[in-house]
Amino acid sequence: PEVESIERQRSRLEPVIKSKNNMGVTLKYFGIRGLAETSRYLLVAANVDYEDFRFPIGMKTPGDFSTIFHDEFDEALKNGDLTISLGKVPILDVDGFQIPQSKAIERYIARTYGMMGSSDLEAALVDAFAEHVRDMKDAYTKAKAAGEQAKFFEEKLPDLLGKVAKSSTAPGPWLVGTKLSYADVVFFAFLTDFFDDKEAAKKATPPKIQAAVDAVAALPQIKKWIESRPVTPF
C-alpha cells in the first residue's frame, strides 16, 4: 500500500479539528506510528472509542528527513496548545485534561482499562517488563551505532529475551498473570514494529514471548486496526 499523501493526512485531520471541543478521549500525535503506536494498540485492545488526532507530516524531498514539514503542528506550537508537553507530542486528552509523555500515557491507559495485572505485585512486574523493553531498545541503538546489529540479533537479543522468558511464571500465553497486560502489548509493539530486520528479531524470540506476541496479534480488534490504520513509513 502507498504511504498517505500530505493532502490525505490533512483531509483526515479536518473533521477532528471541527469536533475538538467534544468531550472524550483524544490521542494527539503526528501521522506516523512512532511514539504513539503502543498507546494506540492499548486503546484498541481495550475497545476504547477514541479520536486518533494526527498532525500531517511530509517531506519536501522524499527520504530526506532534514526536509520534514508539519505546518499544523507548528501552528499548534505557536498557539501554545502544546505547553504541557514542552512543545512535543504525543498528548492524551481525556475530557479536556491533558496528559503528556508517551510512557505516562501508556501507563494511564493500561491502569484505566485493566491492563496492569490483577494485583499490586503483578502491576509492578508488568511495569518492570515494560522497562526491560526500554533497556533492549537502548542496547540496540548502541549496537546499531557501532555497526554490530548482527551480533545483537545473534547474541544480545536472544540473551535478554531469554531472561525475560525465564522470569515469567505465568501459565501463558500472557507474560504476567492470566490476562492481557501492558507488558504483552509493549513486547508486541517492540518485536513487530521497532526493528528493521523483523525476521532476525523473531528468530531471537523465545517461545514464551512469541506466544504472547501471537496472542496480542490474534485479538480481533488488533487485527482490524493493523489492516485499516493509515499506511505510514515509520
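In what follows, the structure referred to is the one given above.
Just so you know, these numbers come straight off a predicted model, no measurement behind them. Starting afresh in each chain, residues are numbered from 1 along the sequence in its written order. Where totals are concerned, whole chains, interfaces and linings use all residues; where local detail is concerned, this predicted model gives features only for residues with pLDDT of at least 70, and gives and counts side-chain atom pairs only at 80 or more. Side-chain calculation: all heavy atoms of the structure are included, whereas hydrogens and water are not.

*Asks:* Just checking my understanding: could you explain the overall build of the protein chain for this structure?
*Replies:* Per the secondary structure count, the protein chain includes 10 helices and six strands. Values of the radius of gyration come from C-alpha atoms, whereas the globule rule sets the reference at 2.2 Å times the count of residues to the power 0.38. For 234 residues, the compact-globule formula gives about 17 Å, and the C-alpha radius of gyration of the protein chain, at 18 Å, lands near that figure. On the principal axes, the C-alpha backbone points of the protein chain span a range of 50 × 40 × 30 Å. The cut-offs for exposure are 20% and 50% of the maximum accessible area for each residue type, with area from a 1.4 Å probe on protein chains only; residues under the lower value are buried, those over the upper are exposed, and the others partly exposed. Residue burial in the protein chain is summarised as follows: out of 234 residues, 47% are buried. Within the protein chain, contacts between residues at least 6 apart in sequence are counted, and of these 65% link residues at least 24 apart. Note that accessible areas follow from Shrake-Rupley with a 1.4 Å probe, and for residues the cover is restricted to the protein chains shown. Surface exposure of the protein chain reaches about 12500 Å², of which carbon and sulfur atoms provide 53%. Put simply, DSSP H or I for four residues or longer makes a helix, DSSP E for two residues or longer makes a strand, and each gets a number counted from the N terminus. Residues are treated as being in contact if the distance between any of their heavy atoms lies within 4.5 Å.

*Asks:* Explain the sheet that holds strand 2 (residues 51-55) here, please?
*Replies:* Strand pairing in a sheet is mediated by backbone hydrogen bonds. Such pairs are either parallel or antiparallel. Judged by pairing direction, the sheet is mixed, and its four strands sit side by side in the order 2-1-5-6 without closing on themselves. Among the strands making up the open sheet, the edge pair consists of strand 2 and strand 6 (97-100). For this sheet, the mean angle separating the axes of adjacent strands, direction not counted, is 20 degrees. Should DSSP find at least two bridges between two strands, the strands are regarded as paired. Strand direction decides the pairing type here: strand 1 (residues 25-30) and strand 5 (residues 91-94), joined by four bridges, are antiparallel. In the strand pairing of strand 5, Lys 28 is matched with Ile 91. Axis definition: a line fitted to C-alpha atoms, limited for helices to the stretch in contact. Angles are taken between N-to-C directions and run from 0 to 180 degrees. Against the sheet, helix 2 (residues 37-45) contacts strand 1 and strand 2, and its axis sits at roughly 155 degrees relative to strand 1.

*Asks:* Whenever I open this one, the packing of aromatic side chains confuses me. Can you help?
*Replies:* Between two aromatic rings, the relevant description is the distance of the centres plus the angle of the planes. To pair, rings of Phe, Tyr and Trp, with the six-membered ring standing in for Trp, must have centres within 6.5 Å; the planes then decide the type, stacked if under 30 degrees apart, edge-to-face if over 60, and tilted in the middle. Overall, the coordinates contain 17 aromatic pairs when judged by the stated rule. Between the aromatic rings of Phe 65 and Phe 234, the centroid separation amounts to 5.6 Å while the plane-to-plane angle is 45 degrees, which identifies the pairing as tilted. Taken together, the residues Phe 65 in the loop between strand 3 (58-59) and strand 4 (68-69) and Phe 234 in the segment after helix 10 (220-228) connect sequence positions 169 residues apart. Residues Phe 153 and Phe 195 carry aromatic rings whose centres are separated by 5.2 Å and whose planes lie at 70 degrees to one another, so their mutual orientation is edge-to-face. Of the two residues, Phe 153 sits in helix 6 (residues 149-167) while Phe 195 sits in the loop between helix 7 (182-194) and helix 8 (198-203), which places them 42 residues apart along the sequence. A relative accessible area of 9% means that Phe 153 is categorised as buried. Through successive ring pairs, a cluster of aromatic residues spans Tyr 140, Phe 152, Phe 153, Phe 190, Phe 194 and Phe 195. Only lysine NZ and arginine CZ atoms are considered, and such an atom sits over a ring when it is within 6 Å of the ring centre and within 35 degrees of the ring normal. Geometry around Phe 53 places Lys 28 over its ring, the cationic atom sitting 5.7 Å from the centre.

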